[in-house]
Amino acid sequence: YNCLKRQVRQFPFLLQNGIRQAKEEISSIVQEVNVANQELLKKYRRELQLRKKCHNELVRLKGNIRVFCRVRPKTKEDGEGEDAMNVVNFDQDDDAILYVLHKGKPIPFEMDKVFPPETSQEDIFKEVEDLITSSIDGYNVCIFAYGQTGSGKTYTMEGTAEHP
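Attention here is on the structure that accompanies the text. Residues take numbers from 1 onward in each chain, read along the sequence in its written order. Thresholds applied to this predicted model are a pLDDT of at least 70 for local features of residues and 80 or more for the giving and counting of side-chain atom pairs; totals over whole chains, interfaces and linings are not thresholded and use all residues. With hydrogens and water set aside, each side-chain value is computed from the structure's full complement of heavy atoms.

Once that is clear, we can look at the overall build of the chain. The number of helices and strands found in the chain is three helices and five strands. We count a stretch as a helix when DSSP gives it H or I for four or more residues in a row; a strand needs E for two or more, and each element gets its number in order from the N terminus. When the helices and strands of the chain are listed from N to C terminus, the series reads α-β-β-β-β-β-α-α. With C-alpha atoms as the basis for the radius of gyration, the globule rule is written as 2.2 Å multiplied by the number of residues raised to the power 0.38. Taken over the C-alpha trace, the chain has a radius of gyration of 33 Å; the compact-globule value for 164 residues is 15 Å, which it surpasses by more than 25%. Summarising its shape, the C-alpha atoms of the chain cover approximately 115 × 35 × 30 Å along the three principal directions. Every residue pair with non-hydrogen atoms within 4.5 Å of one another is taken to be in contact. For the chain, restricting intrachain contacts to residue pairs at least 6 apart in sequence, the fraction spanning at least 24 positions comes to 48%. When the accessible surface of the chain is summed, it comes to about 13,800 Å², and 55% of that surface belongs to carbon and sulfur atoms. Neither His nor the chain termini are counted; the positive set is Lys and Arg, and the negative set is Asp and Glu. Charge positions are represented by NZ for Lys, CZ for Arg, CG for Asp and CD for Glu. Separation between the mean location of the 24 positive side-chain charges and that of the 26 negative ones in the chain comes to 16 Å. Residue exposure ignores everything except the shown protein chains as possible cover, and the areas themselves are Shrake-Rupley values with a 1.4 Å probe.

With that settled, consider the pattern of salt bridges. One side chain can pair with another of opposite charge once the charged atoms of both are near each other. The rule for a salt bridge is simple: a side-chain nitrogen of Lys or Arg has to be within 4 Å of a carboxyl oxygen of Asp or Glu. The tally for this structure, following the rule as stated, stands at four salt bridges. Lys-113 is the partner of Asp-95 in a salt bridge, and the nearest nitrogen-oxygen pair spans 2.8 Å. A residue pair is termed long-range when its members are at least 10 positions apart, and Asp-95 in the loop between β2 (88–90) and β3 (97–102) and Lys-113 in strand β5 (residues 113–115) qualify at 18 residues. Here the term buried applies to any residue with accessible area under 20% of the maximum for its type, exposed to any over 50%, and partly exposed to those in between, with areas from a 1.4 Å probe on protein chains only. Owing to a relative accessible area of 41%, Asp-95 belongs among the partly exposed residues under this scheme. Overall, Lys-113 belongs to the buried group, its relative accessible area being 19%.

The subject of this paragraph is the pairing of β3. Only strands that DSSP links by at least two bridges are regarded as paired with each other. Bridging between β2 and β3 involves three bridges; their strand directions are antiparallel. Along β3, the bridge assignment pairs Phe-90 with Leu-98. Pairing analysis gives six bridges linking β3 to strand β4 (residues 105–110), with the strands arranged antiparallel. In the strand pairing of β4, Leu-101 is matched with Pro-106. In textbook terms, the turn of a hairpin is the stretch between consecutive antiparallel strands, and for β3 and β4 this stretch comprises two residues, one of which, Lys-103, has a positive phi near 55°.

As structure tokens, then:
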């Protein structure tokens, strides 16, 4: 009985001692995790800076000014069937050359990239995605659409509700 009584009296001290040791162990582990987290954060920031530097060097090497051409599909206004004259032709071997018929003679135009009418919005985005990333990184970027009324500028920049 006395042994049990002694154990009951010592229980609060044993419990406090166990709690203190557990707190010390947890505190030590939390400190180790914090140190490891700080090291990972430093590495992440270094990699982020390196990624930005490499990405923007790639954009610079591609050229700060690039010219793309997106040819819109034929419309009813262009004519239908055999009456519709196709004044634009593409080079099968080079996606940077476009031929425009002028007085029955093909005139070549060279650009950075020519997109045929069947090109999707996703394909266009893939080509300018690096510029978007540079913009998010804080660099000045301009994407400019040029053409006459009805040539597809708004469609190219915004797409439709079904294909944004």
